[in-house]
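Structural characterization, general
Chain by chain, the residues run as shown.
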Amino acid sequence: MTRSYKLLCQSCDKTFEDDGFMLDCDGEHQASLLIAEYAADTFTVDRQQPGMYRYHSWLPIVKNISGSSGTVTYQSKSLSQLTGLPFLWISFNGYWPEKGVKLETTTFKELEAYTVLSRLPEGFDDVLVVSSAGNTASAFAYICSQQKQPCLIILPESGLARMQFTESLDPCVKIVCLTGNVDYYDAIVLANRVAQREGFVLEGGVKNVARRAGLGVTMLNAVETIGRLPDYYFQAVGSGAGGIAVHEMARCLMKDTRFGNRYPRLMLGQNKPFAPIYHSWKAKRSSLIELSSDEGKRQIQSIVSKVLSNQKPPYAVRGGVFDVLVESQGDMLAASNQEIQQAMNTFYTAEGIDIDPAAGVAFATLLSELRASHIDRDAVVLLNVTGGGWEHKRAHCRLIPASPALRICDSELASGDVMDRIMGLF
């Protein structure tokens, strides 16, 4: 498979041939997210391809990887009655075989992991370095293990709970667990240091066009199912990558012209009290309100959805969260732990499947907006359940916890031998 796309800088409009690794434009200008410009102008679905690869013409990839599942978009009579929204659609990303979706690690992070690996050139055998708050770590660990792709996962200890799989991880995957007063941002900083060493390549997070395209599969599946772009899109965000991703896919679909000419309004939620994007947006700022590291960590400890704990989200970067909120006429919302738990319970009662706290944030904010009469009852609304079925899978499958190859406490992060200890894992 050849690359049927180019990379475009949103600041200077310079285009690049992709090598599978590129994360930034080389121009001297405002930081900007690269986007993929596809050769195909129209949205096509290849029903002969498995899982998410049915959308390969709008994915920045050079190969398919076996084992991928995808998103299921459906309508629920019970949820429509509950919300009073006759055109409410659910995008379910998780483990719910009875509904036809089987993401082995139970969240939409699996979509981005498959796409990132599919973007890498054939013969790539360096170590892929991935930082995560938890769900991304699980997805990359599982898929890299299946593909025998060397991978270093760096995550805070709170993310270990989801590192459980139906089989033991291949030795090519090494997990470094950070302990003590640490969070996701500490994992990001350490991953950046490691990736400067020869033989290690940074996955790149939101800068990686493949990661965003994978998350954007949610919008492609929804439009394939609904037949049009939704009016509203609800999702919880930590970094905002998912919101950026579906907005970019909506832009591609609008160019096609068959599915509508207006962006879905992005209604993005965070978990109070740690809600830096929410507070920045409500203050009408185009730059992020930054907390001290200690205050950020204190707030993160009190939220139920730890995966939404990015202290340095891509808010002000060109093409980042601020820009897509403005362009979509969207809004930032927030929910408390209690509201999230109530929403999770309500969803389970209605649908008979558990959802993750992050998905609970999205559902809680949707319910809040409905109570405030902020949504037209005839609107087409898409609720992204970004993760679900974890408890369902635990009840039906024997899961094996993955053990960290190395634990590094907060007091050791600045020490000189940390890098040597990590290099020694491979």
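See the structure above.
Residues numbered from 1 in each chain as written. Predicted model: local features only at pLDDT ≥ 70, side-chain atom pairs only at ≥ 80, totals over all residues. Heavy atoms only, no water.

Structural notes on the sheet that holds strand E5 (residues 88–92)
Pairing within the open sheet is mixed, and its six strands lie in the order E4-E5-E16-E13-E14-E15. What marks the edges here is a single partner per strand, and that holds for strand E4 (72–74) and strand E15 (331–335). Here the strands of the sheet are splayed against their neighbours by 20° on average, with no regard to which way each runs. As paired strands, E4 and E5 are joined by three bridges and run antiparallel to one another. Bridged to Val72 within E5 is Phe92. In this fold helix H9 (residues 321–328) packs onto strand E14 (265–271) and E15, with an angle of close to 135° to the strand it touches most, E14. Sheet strands in contact with helix H11 (residues 357–371) are E5, strand E13 (232–236), E14, E15 and strand E16 (381–385), and its direction is about 135° off that of E13. (Pairing = 2+ DSSP bridges. Helix = DSSP H or I, 4+ residues; strand = E, 2+ residues; numbered from the N terminus. Axes fitted to C-alpha atoms, helices over the stretch in contact; angles between N-to-C directions. Contact = heavy atoms within 4.5 Å.)

Things to note about helix H8 (residues 293–301)
Listing the buried residues of H8 in full gives Gly296, Lys297, Gln299 and Ile300. The buried side chains of H8 occupy one side of the element, clustering within an arc of 160° when seen end-on. Exposed residues lying more than 90 degrees from the buried face of H8 are Asp294, Arg298 and Gln301. Tucked into the core, H8 has its buried residues touching helix H4 (184–194). (Buried < 20%, exposed > 50% of the residue type's maximum accessible area, 1.4 Å probe, protein only. Arc of directions from axis to C-beta.)

Some remarks on the nonpolar core
The biggest cluster of nonpolar side chains holds 123 residues, and the ones touching the most others in it are Ile153, Phe347, Leu366 and Leu383. In terms of residues, this core owes the most to one element, helix H5 (residues 209–226), which gives ten residues. Residues contacting Phe347, with those up to four places away along its chain left out, are Tyr74, Leu79, Ile90, Gly352, Ile353, Ile355, Phe363, Leu383 and Val385. Within the second largest apolar cluster, 23 residues are counted, among which are Val127, Ile154, Ala187 and Leu190. (Core = buried A, V, L, I, M, F, W, Y, C linked by side-chain atoms within 4.5 Å.)

Here's the deal with empty space enclosed by the protein
The gaps left among the atoms become clear once a water-sized probe is rolled over them. For the structure on display, the rule yields two cavities of 30 Å³ or more. In this structure, the largest cavity is lined by Phe274, Pro276, Leu288, Ile289, Glu290, Leu291, Gln311 and Lys312. Counted by class, the lining of the largest cavity contains five nonpolar, one polar and two charged residues. Mapped onto the lining of the second largest cavity, the elements with two or more residues apiece are helix H2 (109–119) and strand E12 (200–202). Looking at the lining of the second largest cavity, its residues break down into seven nonpolar, two polar and two charged. (1 Å grid on protein atoms, 1.4 Å probe; cavity = no way out; pocket = protein on both sides within 12 Å on 5 of 7 lines; lining within 4 Å. Points joined across faces, edges and corners; volume = space filled by probe spheres on them. Nonpolar A, V, L, I, M, F, W, Y, C, P; charged D, E, K, R; others polar.)

What to know about the side chain of Glu203
Locating Glu203 in the fold gives a position in the loop between E12 and H5. On the basis of relative accessible area, Glu203 is assigned to the buried category, the value being 2%. Side-chain polar atoms of Glu203 contact the side chain of Arg211, separated by 2.8 Å. Among residues more than four places away in sequence, those in contact with Glu203 are Leu23, Val116, Leu128, Val129, Val130, Phe140, Asn208 and Arg211. (Polar contact = N/O pair within 3.5 Å; in protein donor to acceptor, adjacent residues only side chain to side chain.)

Some thoughts on the sheet that holds strand E18 (residues 406–409)
The strand order across the open sheet built from five strands is E12-E8-E9-E11-E18, with neighbouring strands paired in parallel fashion. Only two strands of the sheet have a single partner each, and these edge strands are E12 and E18. Going from strand to strand, the sheet's axes swing by 25° on average, the running direction of each strand aside. Direction of pairing for strand E9 (residues 151–156) relative to strand E11 (residues 173–179): parallel, over a ladder of six bridges. Bridge assignment links Ile154 to a residue of E11, and that residue is Val176.

Side note on the pairing of E16
Counting buried positions over the five residues of E16 gives five, a clear majority of the element. Judged by which residues are buried, E16 turns out to be covered on both faces: Val381, Leu383 and Val385 on one side and Leu382 and Asn384 on the other are all buried. Strand direction decides the pairing type here: E5 and E16, joined by five bridges, are parallel. Residue pairing in the sheet places Ile90 in a bridge with Leu383 of E16.

Looking at the packing of aromatic side chains
In the structure shown here, the tally under the stated rule is twelve aromatic pairs. Relative to Phe426, the ring of Phe200 lies with its centre 5.7 Å away and its plane at 85°, an arrangement referred to as edge-to-face. You can see Phe200 sitting in strand E12 and its partner Phe426 sitting in the segment after helix H13 (418–423), a full 226 residues away along the chain. By relative accessible area, Phe200 is classed as buried at 10%. Classification of Phe426 by relative accessible area gives partly exposed; the value is 39%. Aromatic ring contacts, followed pair by pair, group Phe43, Tyr55, Trp58 and Phe259 into a single cluster. Over the face of the ring belonging to Tyr74 we find Lys99, whose NZ or CZ atom lies 4.2 Å from the ring centre. Above the face of the Tyr185 ring, Lys312 is positioned so that its terminal group lies 5.6 Å from the ring centre. (Phe/Tyr/Trp six-rings, centres within 6.5 Å; stacked < 30°, edge-to-face > 60°. Lys NZ or Arg CZ within 6 Å of the ring centre and 35° of its normal.)

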